[in-house]
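Listed here are the chains, written in short residue letters.
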Amino acid sequence: QVQLVESGGGLVQPGGSLRLSCAASGFIFNDYAMRWYRQAPGKERELVAHISDTGHITYSADSVKGRFTISRDNAKNTVYLQMNSLKPEDTAVYYCYALRQLTRRKYWGQGTQVTVSS
């Protein structure tokens, strides 16, 4: 059974930090690129960060690149998103996503809520 289980979300004050984790199982993690998306109420889901199967990293915008860091630990089948200097506009449900580009196979996690508020 394929699973992508996000954790680490919660309520944090502006300027604070969170680290999201996504634990993967049921597929060959090392063969997949991993992504973090987020979706705020009333808005479309947007790409936050991407890390390829070989570790190449891209970010959606300079503002995210400067504050967020995506990483992966293949030995643990886990991808992380370190989020620093959080802003209220970062409030969203954050989703883990796995992509096997060769076959176009993809999987979604269930999402974890991040709320940035004073």
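The present account deals with the structure reproduced in this document. The structure presented is a predicted model; accordingly, all values stated were derived computationally and were not measured.

1. Some details on the nonpolar core
So, step 1. With 29 residues, the main nonpolar core has Leu4, Met34, Trp36, Leu81, Met83 and Tyr94 as its most contacted residues.
So, step 2. When contributions to this core are tallied by element, the ones reaching two or more residues are strand E3 (18–25), strand E4 (33–39), strand E5 (46–51), strand E7 (68–73), strand E8 (78–83), strand E9 (92–100) and strand E11 (112–116).
So, step 3. If we ignore the near neighbours within four places in the chain, the residues touching Tyr94 are Glu6, Leu20, Trp36, Tyr37, Arg38, Val48, Phe68, Leu81, Met83, Gly111, Thr112 and Val114.

2. Comments concerning the state of the cysteines
So, step 1. Counted under the stated rule, the structure contains one disulfide.
So, step 2. A sulfur-sulfur distance of 2.1 Å marks the disulfide that ties Cys22 to Cys96. Note on the Cys22 and Cys96 pair: the S-S dihedral is about -85 degrees, so by sign convention the disulfide is left-handed. In this pair, Cys22 sits in strand E3 while Cys96 sits in strand E9, placing the two residues 74 residues apart along the sequence.
So, step 3. On the basis of relative accessibility, which here comes to 0%, the residue Cys22 falls in the buried class.

3. With respect to unusual backbone geometry
So, step 1. Of note, Asn77 is a non-glycine position whose phi angle comes to about 50 degrees, a positive value.
So, step 2. Along the polypeptide, Asn77 turns up in the loop between E7 and E8.
So, step 3. Positive phi, close to 50 degrees, is recorded for Ser85, a residue that is not glycine.

4. Details of the pattern of salt bridges
So, step 1. One pass over the full model with this rule turns up three salt bridges.
So, step 2. Close ionic contact of Arg38 with Asp90 constitutes a salt bridge, the shortest N to O distance being 3.0 Å. Here Arg38, found in strand E4, pairs with Asp90, found in the loop between E8 and E9; they are 52 residues apart in sequence, far enough to count as distant. Residue Arg38 shares its accessibility class with Asp90, and that shared class is buried.
So, step 3. When salt bridges that share partners are traced, they join Arg38, Glu46, Arg67 and Asp90 into one network.

5. Points about the side chain of Ser21
So, step 1. Within the secondary structure, Ser21 is located in strand E3.
So, step 2. Taking relative accessible area as the criterion, Ser21 reaches 16% and is therefore assigned buried.
So, step 3. Excluding residues that lie within four positions of it along the chain, Ser21 makes contacts with Val5, Glu6, Ser7, Trp36, Thr78, Val79 and Tyr80.

Conventions and cut-offs
Residues numbered from 1 in each chain as written. Predicted model: local features only at pLDDT ≥ 70, side-chain atom pairs only at ≥ 80, totals over all residues. Heavy atoms only, no water. Core = buried A, V, L, I, M, F, W, Y, C linked by side-chain atoms within 4.5 Å. Buried < 20%, exposed > 50% of the residue type's maximum accessible area, 1.4 Å probe, protein only. Helix = DSSP H or I, 4+ residues; strand = E, 2+ residues; numbered from the N terminus. Contact = heavy atoms within 4.5 Å. Disulfide = S-S within 2.5 Å. Salt bridge = Lys/Arg side-chain N within 4 Å of Asp/Glu carboxyl O.

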